[in-house]
Protein chains: 2
Amino acid sequence: MSGDSKMVLDGSATALAEDETEFVRNAAGRLVPTVVNGVPQVPFLGVGKYRPEGRKAAPPVRSAADYPEDGDKRVADIETALHKCGIRDGMTISSHHHLRDGDRVALEVLQTAGRMGVKNLRWFPSASFPAQAPVIELMKSGVVHHIEGSMNGPLGDYCTQGNMAGLGVLRSHGGRFQAIQDGEVHIDIAVIAAPSADMFGNADGSHGKSACGSLGFALADSMYADRVIVVTDNLVQFPCVPWQIQGNNVDYVVEVPSIGDPAKIVSGTTQITRSPDRLRISELVAHFMKASGILRNGLSFQAGAGGIALAFVQYLKPMMKEAGIKASFVRGGSTKYLVEMLEEGLTEYILDGQTFDLDAVRSIASNPRHVATSPFTSYNYHGKGNFASMVDACILGATEVDVNFNANVVTHSDGRLLHGIGGWQNCLASRCTILALPAFRDRIPVVVDEVTTLTGPGELIDVVVTERGICINPRRTDLIESVKDSELPVLDIRELKKEVETICGGIPEKTKPSDQPVAVVKWVDGTVLDTVWKTY
Amino acid sequence: MSGDSKMVLDGSATALAEDETEFVRNAAGRLVPTVVNGVPQVPFLGVGKYRPEGRKAAPPVRSAADYPEDGDKRVADIETALHKCGIRDGMTISSHHHLRDGDRVALEVLQTAGRMGVKNLRWFPSASFPAQAPVIELMKSGVVHHIEGSMNGPLGDYCTQGNMAGLGVLRSHGGRFQAIQDGEVHIDIAVIAAPSADMFGNADGSHGKSACGSLGFALADSMYADRVIVVTDNLVQFPCVPWQIQGNNVDYVVEVPSIGDPAKIVSGTTQITRSPDRLRISELVAHFMKASGILRNGLSFQAGAGGIALAFVQYLKPMMKEAGIKASFVRGGSTKYLVEMLEEGLTEYILDGQTFDLDAVRSIASNPRHVATSPFTSYNYHGKGNFASMVDACILGATEVDVNFNANVVTHSDGRLLHGIGGWQNCLASRCTILALPAFRDRIPVVVDEVTTLTGPGELIDVVVTERGICINPRRTDLIESVKDSELPVLDIRELKKEVETICGGIPEKTKPSDQPVAVVKWVDGTVLDTVWKTY
């Protein structure tokens, strides 16, 4: 899997249905293709079983003699930059999603390539969002061949309809770094939307009218792509400090009036859930952490920006204060609630992967203890360790969890692909992974016999907390022992499943999936964990 | 020159004298070997002429499965770490010199390797210092085969005596990064002495009892070496922030009582020259910058920690204040005097390559506008540009300068190799390179017909300022024009030479160099600029 693999793009939208894709059952019992978009794959071998060989991807050696002596790498516009980067058919273009649904740059780049007459691009975003739905038109017209990267909403739906000319490849944030680092995905041109940048290409996300906080998702792209374009709406005097993206990796700088819609880049304020059931889940998680002894001085945890996770932080804080406890670090997705912890002295550091609201952006821009991280430091499984496995507890969501604690975060029970993996898979490495989720949604049970799409192996999921009780993975006898004298509502996951099915009036009938693959889910080590099938 | 070149180490101390080294005259007219330590070389082709081919060095892909889940990479001692790194005969061991003459780690590592019975190591320090003179014993006993890296003082002298079993290879700071990045030098084991580190290997230089400021010289080693050991005397709780060296590149952490002698790591205070002649040089440089129009709002400059450079800053400051001028950035070697500029609002930023005194260490540890840089950002010629060419003026020293403005910084006029190149070659890229030096030393003229060792091509040296007047390179008609109406003592460099020879009582007779090469001087692009010959 290492080395400079070449994607096969034949330009035919029907290639997939017709080709002779072979499938094998991997160590999780899932049927996965042995070749994806022309690249041979290793099926999932089990957690921690696969060992990579070979050396990291090696970008071309450049010479300063070919760059402006005065450091001014600005060119007129995106088209000029793409032209100077030598854009041509079949190339891989990458972008990051720190601007979330407010991003205007990635779509503009792909549309510009289309106007330039380029075809069969592989778009390799760290994630795509509903605002980028017009990429569907570019796929129909052949400008974009297919997308590799999280597809949130309409683009995922389009993929599950079997309409993409290549297989979608879903990777975690760490898996994306791994794939680039290992040479599994070679980026020809990386386009980095930057809330601040100087003419040399040093760039940062924490300042400017389009500030988004950390730019860590773009780090691998800046390091390994053949050519790198920085696009900014806030050109600052050299040096742009801090320079999370270093100009020494950047070829061209483009100044534009706007890189995105600030209102959709960060929330004004992130919202805590108001649902009584979900508040109960959050409270149970906090009580579980106390009863199990995880809540101790120097602890570390990660909680995302979802309503349940935010409420959990609010329950945890008074417990910490009461016990006189301080965290050594908390990991974001950062929000107002983590910033309050930092400012109230409840944590030494925020180690931030992405920055979700205005308070968090202000904090990362001004507080040296609010530190921007990247998938390299936090998640890359093919590094010399990463931060994820050093986190005491991680509170995550899921669309489904099965009786063996396997979980799904990418598809719904109807098979539609509507969510990316994000850092979710990477976080499973934490010392205690807690899925905090409602037992059912829209009268559809969340606890099931078998997940629609396996995104996380059950052996890594330690606890499932629902409004109807707490299920502990039988492998974690230590956790079971630690809470056995508590008053927590602990129950067997099969009991929970039965209870939920009774409430929902039985198990909803599942549509049998088709035999046409539309996407694969990669594991953190680059092996293939599962296949997403055409649903319509 | 790219790719994974293999050093030839035959263990024979006489190999060099006997082998059939071929020599060619390079574009500077200097006789240079075509093969150095078994590796074929490109002779210097002229400034900006050589274009590298191929791809960067690619370190092995690792797996987090092979590192401790709890992030604790500590091992008992240096010997254990070297053993776990698989140390064996003929390997390349690297170290950095941020601890300067106070370093205790590099020597300890090499001596430990010796006790373990290892032979023929290539020691690849970013620079070596007098405190490391005992490496001579290790070379005599065959533990260390030869040194590639700056050799200050006794080690350089030992080299010029023709006693090293391999050729010395002298590189600038940027050239060292380039050589590692391009795969010209493959580091098997990097040892990084760290004033602060956590158990995961995140490390920084700005805190701790052995604080030294920036750790930038170790960056390339941490990124490209097969194995990386961090040695610290100040183990902090995870996360060690900032983490100029990232733990994700580190294999093992060793805690020791002391990494060095603080008194020799940083000066209590750096000393301005008291010599009237040298003060006059400093003053002339400041006046030249004013008269030539370089001293304008938003200027940038680099001045090192030498007595003349420090005095220059003190002359410049009142001029800046009077004119209401603020620098956009100044580059260190940082000292108290640059810190004062930052704190008095005379510069927006200090971009710091190495940190020389206590005030500078305090500043880099606490002021976000005092930014640690590395040879990657500042000097690497095989990147997408670097900061050095964006600096308006650079004030440097030299041991000799000739009538064509070629300069020498590594040998004395007697041919003895006593100094490293440092960032000197890289700084020649600045918009105005000023050599500020006395016209003679110990009655030996500094201005000569031809330099003993060519370290910097004359076409890049714009101005020579001595106590006896200012010589402007005839190529810089713009600078000549800019000061022609000033009262500055501008004179032709040949006139200056004559004047100096009169004072010194003629040209001292030079010993004819031997025909035995002992070291080569690399240019910033990895080509061979000159040869250092045996002198005794």
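Since this is a predicted model, take the numbers as computed values, not measurements.

> I'd like to hear about the environment of Val191 of chain B, residue by residue, with values.
Residue and element names in this part refer to chain B. Along the chain, Val191 turns up in strand E12 (residues 189–194). Look at Val191 and you get buried, because its relative accessible area is 6%. Separated by 12 residues in sequence, Val191 and Ala203 place their C-alpha atoms 12 Å apart. If near-sequence neighbours (up to four positions away) are discounted, Val191 is found in contact with Ile93, Ser94, Ser95, His96, Val105, Val109, Ile229 and Val231.

> So what about the sheet that holds strand E6 (residues 92–95) of chain A? Which residues, and what values?
Residue and element names in this part refer to chain A. Strand order across the open sheet formed by 7 strands is E5-E16-E15-E12-E6-E7-E9, with parallel pairing between neighbours. Two strands bound the open sheet, and with one partner strand each, they are strand E5 (74–75) and strand E9 (144–147). Pairing geometry for strand E15 (residues 227–232) and strand E16 (residues 252–255), over 4 bridges, is parallel. The partner of Val231 across the bridge, within E16, is Val254. Helix H3 (residues 105–115) rests against E6, strand E7 (121–125), E9, strand E12 (189–194) and E15 of the sheet, and its axis sits at about 175° to E7.

> Go over the pattern of salt bridges with me, naming the residues and quoting the values.
Residues and elements named next belong to chain A. All chains considered together, the criterion is met by 61 salt bridges over all chains. Its salt-bridge partner being Lys140, residue Glu137 comes within 4.0 Å of it at the nearest N-O pair. With Glu137 and Lys140 both in helix H4 (residues 135–140) and 3 residues apart, this pair spans about one turn of that helix. Given a relative accessible area of 57%, Lys140 falls into the exposed group. In this structure, Arg369 engages Glu348 in a salt bridge whose closest nitrogen and oxygen atoms are separated by 3.2 Å. Pair noted here: Arg369 is in the loop between helix H12 (358–366) and strand E20 (370–372) and Glu348 is in strand E19 (residues 347–352), with a separation of 21 residues, a long-range link. When salt bridges with common partners are traced through the structure, they connect Arg122, Glu148, Arg171, Glu184 and Lys522 into a single cluster.

> Which residues make up unusual backbone geometry, and what values do they have?
For the bond running from Val241 of chain A to Pro242 of chain A, omega is -5°, close enough to zero to count as cis. Along the chain, Pro242 of chain A turns up in the loop between E15 and E16. For Arg100 of chain B, which is not glycine, the phi torsion reads 50° and is therefore positive. Relative to the elements of secondary structure, Arg100 of chain B occurs in the loop between strand E6 (92–95) and helix H3 (105–115).

Definitions and cut-offs
Residues numbered from 1 in each chain as written. Chains lettered and ligands numbered in written order. Predicted model: local features only at pLDDT ≥ 70, side-chain atom pairs only at ≥ 80, totals over all residues. Heavy atoms only, no water. Helix = DSSP H or I, 4+ residues; strand = E, 2+ residues; numbered from the N terminus. Buried < 20%, exposed > 50% of the residue type's maximum accessible area, 1.4 Å probe, protein only. Contact = heavy atoms within 4.5 Å. Pairing = 2+ DSSP bridges. Axes fitted to C-alpha atoms, helices over the stretch in contact; angles between N-to-C directions. Salt bridge = Lys/Arg side-chain N within 4 Å of Asp/Glu carboxyl O.

By themselves these figures say nothing about function.
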